[in-house]
Amino acid sequence: MELIQKRKELRKKMTPAEAFLWRYLKAKNLEGKRFQRQHSINYYIVDFYCASEKLIIELDGQVHMNPTAQAYDTKRTDHLESLGFKVIRFENKMVFECLPSVLEEIKSHFEK
């Protein structure tokens, strides 16, 4: 129950980068793929998730730029990948500065 409440809170308080990217992922805007935001997998909440592709997209801001956070992110990514998910990460600034490249990178992980 705690995760459900946390997900709702995160959806209401999306970072500017999450809100910006969500405009391109929601409503099957990216090649007809359905994405969910702030989706929980086991005890983790991921930024964006596409079930048909088992694809997780994580956006990293300043809070992720220290050794402790990076170690946690690595552990988290390893766990999710061990469950068969593909995890791709982008720095927030890439979403704003290189959006076409970010979208192409996401699409490159879709099964053909």
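In the block above lies the structure referred to throughout.
Residues numbered from 1 in each chain as written. Predicted model: local features only at pLDDT ≥ 70, side-chain atom pairs only at ≥ 80, totals over all residues. Heavy atoms only, no water.

1. Quick notes on the nonpolar core
Ranked by internal contacts, the top residues of the largest apolar core, which has 21 residues, are Leu21, Leu25, Phe35, Phe48, Ile57, Leu59 and Ile106. Sorting the residues of this core by element identifies helix 2 (16–25), strand 2 (44–50), strand 3 (55–60), strand 4 (86–91) and helix 5 (99–107) as the ones contributing at least two each. Looking at this core element by element, the count peaks at five residues for helix 2. By size, the runner-up hydrophobic cluster in this structure holds eight residues, among which are Tyr44, Val46, Tyr49 and Ile56. (Core = buried A, V, L, I, M, F, W, Y, C linked by side-chain atoms within 4.5 Å. Buried < 20%, exposed > 50% of the residue type's maximum accessible area, 1.4 Å probe, protein only. Helix = DSSP H or I, 4+ residues; strand = E, 2+ residues; numbered from the N terminus.)

2. Quick notes on the packing of helix 2 against helix 5
Packing of helix 2 against helix 5 brings their axes to within 12 Å, and their N-to-C directions diverge by 55°. Comparing the axis directions of helix 2 and helix 5 gives the class oblique. Our pair here, helix 2 against helix 5, has a crossing hand that is right-handed. Here helix 2 contributes Phe20, Leu21, Tyr24 and Leu25 to the contact with helix 5, which in turn contributes Leu99, Val102, Leu103 and Ile106. A class-by-class count of the residues in the contact of helix 2 with helix 5 yields eight nonpolar, no polar and no charged. (Axes fitted to C-alpha atoms, helices over the stretch in contact; angles between N-to-C directions. Parallel < 35°, antiparallel > 145°, perpendicular 65-115°, else oblique. Left-handed = near helix turned anticlockwise from the far one by under 90°. Contact = heavy atoms within 4.5 Å. Nonpolar A, V, L, I, M, F, W, Y, C, P; charged D, E, K, R; others polar.)

3. Observations concerning helix 5
Among the residues making up helix 5, those that are buried are Leu99, Val102, Leu103, Ile106 and Lys107. Viewed end-on, helix 5 has its buried residues packed into an arc of 135°, placing them on one side of the element. (Arc of directions from axis to C-beta.)

4. Describing the sheet that holds strand 2
Ordered by their spatial adjacency, four strands build an open sheet running 1-2-3-4, and the pairing between neighbours is mixed. Here the strands that pair on one side only, and so sit at the sheet edges, are strand 1 (36–41) and strand 4. Between one strand axis and the next, the sheet turns through 45° on average, direction left out of account. Here strand 1 runs beside strand 2; their pairing, made up of five bridges, is antiparallel. The partner of Gln36 across the bridge, within strand 2, is Tyr49. On top of the sheet, helix 5 reaches strand 3 and strand 4; it is set at about 175° to strand 4, its chief contact. (Pairing = 2+ DSSP bridges.)

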